[in-house]
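Structure at a glance
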Amino acid sequence: MAAFTPSLDIARDGRLLLPWVQFDLQSYNDVAGTTTFRWSDVPLVLADGFVDGKITEWHRYARALSDDYGTFESAKLGWTLADVERALLDLADSENFRYWISRFATVYVLDGPARLAGDTPYVLARAVVRNVQTAADRGLVFTAEDFLSTEFSLSYLDEALPRRRIEKARFAPTAPEEVGWHDGVEGFPEPILYGTLSHATYAVDDRFGACPCYPVGSESIAGNPSWVRMLIASHACKEVETIYLDGVAVDGARYGVDILCPGKAGWPFGTVYRDIGGRRYTVVYIIGPDATSLVEGTIAMSADVKGIETVGDGSGTLVTAIYDQYLHWLTNFGLGDYQTGAWLSIPTWPDATPRIDSTSFSTAKTSIAGRVSGAGYVGGGIVGSNNDLRTFRDWLATWNASCDARCGFNRLGQFIVVSGEQQTAALDLTEQDDIVEGSFEVTPDPDSIRNVIPFSYQREYVADAWAVENERAVSTLSVTGYRRRREDQVRALWFVRDQATARDIATHFLHRKMHPARRVTLETGLHGLLAEIGATVTVTHADGPGTRAYWVVSPPAGTGWVQRPVLVERVEVGLGDGLVRLAGWDYEVLDPYPPTVSWEPGVTPTGSTFSLGSGSGTGGGSGPTTIIVNTTPQSHVWSSSRDRGDRTASWADVRNGVPFWPTASGPITLKVEQRTDNAGTSVSVRVYCVTDASAVGSATAVSTSTTWVEREIAVTVEAGKKYVLQYLGGNASAAVYAVGSH
Amino acid sequence: MSNFLYCPPFENQAPSGTWTASPGLASGFLAPWVADSRPERPSRLSAQNGYWNCDFGSAKRVDVLAILGHTLSDGCTVTLTAGATAGATTINHAITVPAARRDGTTRPFYVVITGVGGYSASGYRYWRVTISGNSATYCQIGEIWLGRVITALPNGLGRGATRSEQRLDVVHLTNRGVRLRYDRGVVLRQITATVLLTSTAQLTAVQDWHQATKGGLLPSLIVTDDTDRTDVRMAVFDEQRQSYVRKTMGVHEVTLAMTELPGAV
């Protein structure tokens, strides 16, 4: 049995066009099975039965790629039904069949010969019913969308992810476990780690681990109930490389003594992971004074980790390619809700069609395999670190940016990705044979020019800041040629950790945006369905502007377009009128790659990254704070932590204090919060220039309060010099932290 | 001179019978669909040949048989049998299926059986339509009309009667005039004519007919030219409003505008 596909021959021969929609009305909670309805706009006789011609109008079905910023258009489908016999209307009060939303609908197409031959129908669209509205004369107006927009709730795309949250009830429900519990982490998303997260790998200050660790209760090990459990990840990891305390790598001799780490000496468990309360985790254990300090939040633990691997128990291969990480996250944590065990499979539609087209991910990955000197895009990052909750939609945009990808839904209702300039030839459309008269348009979009692309990469999760922020890729040629500098919004590359990849992404994006885009629209017959979004069609049309065709052929002057490649960004189908409208982007506007790029440096501390303690001191409150200190022309980043200060009669660095290297000179204002446990005992705070071995100006704040008091310190800093925060006085319970503001 | 024949919906006996089929039905099809006044919803047998059987429960008069929306091959045989018992052949009348049209659409056909051997105005309980010699892939009929009586318009169609035919499709042109065309597979025949009614009885008959269709909701069986056995169709009035123009005392003129119900595609 052959599979029917639309072809130009249908329109040439004037064959019968046979579309119909199948509505699978699943009973509520599936207690009464599924009743299937089939309708068309003409009464159809198929091999397996009759399809009633009750559809009075087919709504246009549209699918599109996400835009350059990850925002995608929901795939929409709809029809108007004349329910004159009240087959559905009378179910509106049915106990089991009165709920119509979140049920599946599939549109099929055959032509006359294919029907006679018994061919498998072509799936034109698959979606989930979002709404059914009554209309005049027993009409019902159906609206359906892709599964991300409708499946779990009407606001699925707005669901906050990660779903798994740190819960005291899971980790420390009763008294013994509570000893190691920190209230400040309740409700935090459980982090998901991808790639190699290690400072040592990136040749920066290796004092600090890449991944924050959170105290989540105590556990009895070998009869000792005082082991504090430190959460690293919400799954098994390939390897925990190094543990840091307060920014210092722990002595290896401590493993198996007062620190238990998977893969290290003395780890007492048979697996590198721990299943707790039905969920899988990567944790380390610590006991002793440092454990107490961790729980109190006066010191911090961090780790260098190799994250998710291919199996789910730590034994597989580290997942390093960003496209593979994207697919893995979407399957297990986006659509799926991984808890424990082996990784989840891609969820399917009722007919077993996977809801994600994994082939699109491998195709996209292959298309960029030659980038970064043949390494492709290798990435890593943490989903959900530092209470980072985002909507599903925002996470898709985040992944798309790090992959230089766009996403959408194909006709099978599958989620797909397409890399930025992936070229998959699909269809050749000509003015003579294919393009409906008057429908071909090429519209320049001068507002689309972006010749300055700011981007940030290498997220430092302990510091909760970018290691490189707002670096800019600039096309001087475009700035000069169009007489204006057009800066794009910052591309935050959350899963990119190296300069080469980040700059490659920025370069490709700049390449596509440095000249005005040309939007192409045309209409053709139903064979236009063969042009899936993200594919390329070649267009031959005498009205096409220009003649250059470096991709395929070089046409003679005066002929307009000859097989001009156009990336299909949007497909709109009208079953009622048998037309497919394609909207796309003219590749030819691109100069040969690579463009000439000038780099404007971002904010990078000289040789160091930032470390941040977590948790709270005796004063309570939340963990680390990231501060932006803005001066002209650039921003500075200074992160610090709450910290316990011991009584001191002389100025001392705030423990776990963060050094600060401004990249520009000028005034800044710090907000410092401080208190003392002993009223009447003063705590002084100042900014100290390590380079010059001197305090900076009048940079002192004094407090005698037992409650937290915020003060401002105004200082003038000089670029390239090292500064620290210092305190004087107080007692064992005093704590300070600094927040910079502008 | 040809006559315009009509059979109002209340004269169609077929929906009141109990229908079965042999040797069986194709998956997804039902036997009663062959007599549900919906020619677009056919009944299909599980084999290329076989029969549909109707049991009225008691004897009913049938003067006219019409077969519409079928897929039978040219020249095969449709045999109408009827009798007091199931399978009886008191009436045993064979009809040759007419050749299909040039566009491949099969032709409906009808036969008035008042002159057929075994005919009785009292009718029979069991009626059967048997297909033999069919070589088409499917044995499928959209509608079997068993009319109690069929009536001729007494004065025929007036001068200027218009018959039209439309095949539904979708057509677009490229810049070079090349056509992108999708056939919808639906052919609609339509007739518009004026009819002179020269007596009160004639007027009443037409009024009854229109009322029986509930303003055009229910289909009638019409034959616009009784010299052509393939001219039969199930049709509905185009307008809900039916007007009768009094020309002179006892003489009325009425405009009939009717469109055929399409069969299944």
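Provided above is the structure to which this section pertains.
Quick look at the structure, then. (Residues numbered from 1 in each chain as written. Chains lettered and ligands numbered in written order. Predicted model: local features only at pLDDT ≥ 70, side-chain atom pairs only at ≥ 80, totals over all residues. Heavy atoms only, no water.)

Quick notes on the state of the cysteines
As a reminder, the rule being used: Sulfur atoms of two cysteines make up a disulfide when they are within 2.5 Å. Here's how the labels work: a residue is buried when its accessible area is under 20% of the maximum for its type, exposed when over 50%, partly exposed in between, all with a 1.4 Å probe on protein chains only.
Under the criterion given, the structure shown has zero disulfides over all chains. Its sulfur unpaired, A:Cys237 is 7.7 Å from the next cysteine sulfur, which belongs to A:Cys211. Among the residues examined, A:Cys237 registers a relative accessible area of 3% and is labelled buried. The structure places no disulfide on B:Cys139, whose sulfur is separated from the nearest cysteine sulfur, that of B:Cys76, by 7.6 Å.

So, empty space enclosed by the protein
All names here are of chain A. Selection criterion: Cavities and pockets were defined on a 1 Å grid built from protein atoms only: a cavity is a group of points that admits a 1.4 Å probe but offers it no way out, a pocket is an open group of points flanked by protein on both sides within 12 Å along at least five of seven lines, and a lining residue is one with an atom within 4 Å of any such point. Grid points are joined across faces, edges and corners, and a volume is the space filled by probe spheres set on the points. For this scheme, ten residues count as nonpolar: Ala, Val, Leu, Ile, Met, Phe, Trp, Tyr, Cys and Pro. Four count as charged, namely Asp, Glu, Lys and Arg, and the remainder, Gly too, count as polar.
Applying the stated criterion across every chain yields a total of seven cavities of 30 Å³ or more. Each pocket or cavity is described by its volume, and for the second largest cavity that value is around 60 Å³. Taken together, Pro 162, Arg 163, Arg 164, Glu 190, Ile 192, Ser 234, Asn 332, Phe 333, Gly 336, Asp 337 and Tyr 338 make up the lining of the second largest cavity. Of the residues contributing to the lining of the second largest cavity, the split by class is four nonpolar, three polar and four charged.

With respect to the pairing of strand 10 (residues 139-145) of chain A
All names here are of chain A. Rules: By definition, any uninterrupted DSSP run of H or I lasting at least four residues is a helix, any uninterrupted run of E lasting at least two residues is a strand, and each is numbered from the N terminus. At least two DSSP bridges between two strands are required for those strands to pair.
Of all seven residues in strand 10, five are buried; the element is thus mostly enclosed. Note: strand 7 (residues 76-82) against strand 10, seven bridges, orientation antiparallel. Among the inter-strand pairings, Gly 78 is bridged to a residue of strand 10, identified as Thr 143. By the bridge criterion, seven bridges tie strand 9 (residues 122-135) to strand 10 in an arrangement that is antiparallel. Note that in strand 10 the partner of Thr 134 across the bridge is Leu 140. The turn joining strand 9 and strand 10, which pair antiparallel and follow one another in sequence, is formed by three residues; a positive phi near 60° is taken by Asp 137.

Focus on helix 10 (residues 392-403) of chain A
Along an α-helix, a turn takes 3.6 residues, which lines up residues three or four apart on a common side. Residue and element names in this part refer to chain A. Stated precisely, the cut-off is as follows: Any helix carries an expected span of 1.5 Å times its number of residues minus one.
Between the first and last C-alpha of helix 10 there are 17 Å, a value that for 12 residues agrees with the 16 Å anticipated at 1.5 Å per step. Judged by how many residues are buried, helix 10 sits mostly within the fold: 10 of 12 residues are covered. For helix 10, the full list of buried residues reads Phe 392, Trp 395, Leu 396, Ala 397, Thr 398, Trp 399, Asn 400, Ala 401, Ser 402 and Cys 403. Immediately downstream of helix 10, the backbone of Asp 404 shows phi near 55°, a positive value.

Some details on the interface of chain A and chain B
For the record, the criterion: Contacts are assigned to residue pairs that have any heavy atoms within 4.5 Å of one another. As a working definition, buried area equals the accessible area (1.4 Å probe) given up by two parts on being put together, with both sides summed. The salt bridge definition used is simple: a Lys or Arg side-chain nitrogen within 4 Å of an Asp or Glu carboxyl oxygen. We call two N or O atoms a polar contact when they sit within 3.5 Å, provided that within protein one can donate a hydrogen and the other can accept it, with sequence-adjacent residues counted only if both atoms are side-chain atoms.
Every contact between the two is made by 42 residues of chain A and, on the other side, 29 residues of chain B. Together chain A and chain B conceal approximately 2700 Å² of surface at their shared face, both sides included; 54% is due to carbon and sulfur atoms. At the junction of chain A and chain B, the tally comes to four salt bridges. The shortest N-O distance in the salt bridge between B:Arg176 and A:Glu431 comes to 3.3 Å. Connecting chain A to chain B are 16 residue pairs in polar contact (both at pLDDT 80 or more). Of all the secondary structure elements, the ones that give two or more residues to the side of chain A that touches chain B are helix 1 (8-13), strand 1 (17-26), strand 3 (44-46), strand 4 (49-51) and helix 2 (112-117) of chain A. It is helix 1 of chain A that provides the largest number of residues to the side of chain A that touches chain B, a total of four residues. A class-by-class count of the residues in the side of chain A that touches chain B yields 20 nonpolar, 10 polar and 12 charged.

Some thoughts on the sheet that holds strand 6 (residues 77-83) of chain B
Residues and elements named next belong to chain B. Heads up, the rule is: Here, axes are lines fitted to C-alpha atoms. For helices the fit covers the stretch in contact, and angles between N-to-C directions go from 0 to 180 degrees.
Taken in spatial order, the five strands make up an open sheet running 2-4-9-6-7, and their pairing is antiparallel. Where the open sheet ends on each side, the last strands, each with one partner, are strand 2 (18-22) and strand 7 (91-96). The sheet shows a mean angle of 15° between the axes of neighbouring strands, direction not considered. Both strand 4 (residues 50-60) and strand 9 (residues 124-132) contribute to a ladder of seven bridges, which runs antiparallel. Following the sheet pairing, Asp 55 is matched in strand 9 by Tyr 126.

Things to note about the environment of A:Phe50
Summarising the element assignment, A:Phe50 is placed in strand 4. Sequence-wise, A:Phe50 and A:Asp434 are 384 residues apart; in three dimensions their C-alpha atoms are separated by 33 Å. Those residues in contact with A:Phe50, other than ones at most four positions away along the chain, are A:Arg38, A:Pro43, A:Leu44, A:Val45, B:Gly28, B:Phe29, B:Trp33, B:Arg38, B:Glu40, B:Arg41 and B:Pro42.

Quick look at the packing of aromatic side chains
Residues and elements named next belong to chain A. Spelled out, the test is: Aromatic contacts are taken between Phe, Tyr and Trp rings whose centres are within 6.5 Å, Trp giving its six-membered ring; a plane angle under 30 degrees counts as stacked, one over 60 as edge-to-face, and the others as tilted.
All chains considered together, the criterion is met by 40 aromatic pairs over all chains. With a centroid separation of 6.1 Å and an interplanar angle of 25°, the aromatic rings of Phe 23 and Trp 39 are classed as stacked. On the criterion of sequence distance, the pair formed by Phe 23 in strand 1 and Trp 39 in strand 2 (residues 34-39) is long-range, its members being 16 residues apart. Accessibility assignment for this pair places Phe 23 and Trp 39 in one class, buried.

Details of the nonpolar core
All names here are of chain A. Put simply, the rule is: Nonpolar core, defined: a set of buried Ala, Val, Leu, Ile, Met, Phe, Trp, Tyr and Cys residues in which side-chain atoms within 4.5 Å join the residues together.
Leu 148, Ile 232, Ile 243, Trp 329 and Phe 415 are the most contacted members of the largest nonpolar core, which has 87 residues in total. Ranked by residues supplied to this core, first place goes to helix 7 (residues 322-335) with eight residues. Leu 25, Ala 125, Ile 435 and Ala 531 belong to the second largest nonpolar core, which has 74 residues in total.

With respect to the side chain of B:Ser73
By the secondary structure assignment, B:Ser73 is in the loop between strand 5 (64-68) and strand 6. Residues contacting B:Ser73, with those up to four places away along its chain left out, are B:Val97, B:Gly133, B:Asn134, B:Ser135 and B:Ala136.

Focus: the packing of helix 7 of chain A against helix 10 of chain A
Residue and element names in this part refer to chain A. Just so we agree on the cut-off: Any angle between 65 and 115 degrees counts as roughly perpendicular, while under 35 counts as roughly parallel, over 145 as roughly antiparallel, and the rest as oblique.
The interhelical angle for the contact between helix 7 and helix 10, taken along N-to-C directions, is 170°, at an axis separation of 10 Å. It follows from the interaxial angle that helix 7 and helix 10 lie roughly antiparallel. Across from Ile 322, Tyr 323, Gln 325, Tyr 326, Trp 329, Leu 330, Gly 334 and Leu 335 in helix 7, the residues of helix 10 making contact are Phe 392, Trp 395, Leu 396, Trp 399, Asn 400, Ser 402 and Cys 403. A per-class count over the contact of helix 7 with helix 10 returns 11 nonpolar, four polar and no charged.

Quick word on the packing of helix 7 of chain A against helix 8 (residues 358-367) of chain A
Two quantities define a packed helix pair, namely the angle between the axes and the distance from one axis to the other. All names here are of chain A. Heads up, the rule is: By convention the crossing between two helices is left-handed if the near helix lies anticlockwise of the far one by an angle smaller than a right angle, and right-handed if it lies clockwise.
Running from N to C, helix 7 and helix 8 point in directions that differ by 160°, and their axes come no closer than 9 Å. In this view, helix 7 runs roughly antiparallel relative to helix 8, as classed from their interaxial angle. In this structure, helix 7 meets helix 8 at a crossing whose hand is right-handed. Of the residues in helix 8, those touching helix 7 at Tyr 323, Asp 324, Tyr 326, Leu 327 and Leu 330 are Ser 358, Phe 361, Ala 364 and Lys 365. Tallied by class, the residues present in the contact of helix 7 with helix 8 amount to six nonpolar, one polar and two charged.

Structural notes on unusual backbone geometry
In this structure, the amide linkage connecting A:Tyr593 to the following residue, A:Pro594, adopts the cis form with an omega of 0°. One can find A:Pro594 in the loop between strand 35 (579-586) and strand 36 (598-600). The omega angle of the peptide bond from B:Ser22 to B:Pro23 is 5°, so this bond is cis rather than trans. Its place among the elements puts B:Pro23 in the loop between strand 2 and strand 3 (43-44). A positive phi angle, close to 75°, is found at A:Ala352, a residue other than glycine. With respect to the helices and strands, A:Ala352 occurs in the loop between helix 7 and helix 8. Given the relative accessible area of 53%, A:Ala352 is considered exposed.

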